[in-house]
Amino acid sequence: MKAVKAVTLILIALVVGCTSIQLKDTANHNTPEKMTAAGRGVLVTSLYNNAFTNYNLQFEATPKPMSPDMRDYFQAYKKAMENAYPVIAAYNSIVQIGGVPSPEQEAQIIQMI
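Just so you know, these numbers come straight off a predicted model, no measurement behind them.

1. Notes on the pattern of salt bridges
- Scanning all chains against the criterion turns up one salt bridge.
- Arg40 is the partner of Glu106 in a salt bridge, and the nearest nitrogen-oxygen pair spans 2.8 Å. Residue Glu106 is found in helix H4 (residues 103–112), and its partner Arg40 is found in helix H2 (residues 37–61); the two are separated by 66 residues along the sequence. Here Glu106 matches Arg40 in class, with each residue buried.

2. With respect to the environment of Val44
- Tracing the backbone shows Val44 in helix H2.
- Spatially, the C-alpha atoms of Val44 and Ala84 are 9.9 Å apart, while their sequence positions differ by 40 residues.
- Excluding residues that lie within four positions of it along the chain, Val44 makes contacts with Ile88, Ile109, Met112 and Ile113.

Conventions used here
Residues numbered from 1 in each chain as written. Predicted model: local features only at pLDDT ≥ 70, side-chain atom pairs only at ≥ 80, totals over all residues. Heavy atoms only, no water. Salt bridge = Lys/Arg side-chain N within 4 Å of Asp/Glu carboxyl O. Helix = DSSP H or I, 4+ residues; strand = E, 2+ residues; numbered from the N terminus. Buried < 20%, exposed > 50% of the residue type's maximum accessible area, 1.4 Å probe, protein only. Contact = heavy atoms within 4.5 Å.

Shown next, in the form of structure tokens:
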């Protein structure tokens, strides 16, 4: 149950980060579905980097020794980050070499955004 709360907090942080990034095309705001694959890659990498920075800042600000609840929170946060990184790296690698990500990869990236 504690892990679910921690993952929920991570997702909230990602949503907040996403809303703080302005996505513009010629006249309207883009949605992830309307963005190019490269644009989605840049956006999700930015969100990941923001979440990573947030993790480090929170970890440093947490009094030591940590309570069991805080330790569980940071372990769940770290696990979510570790699970997201390979998906993002693979997606960006495909896009950088001019490849076309599979529909499954596109869905994973859009879900992360």
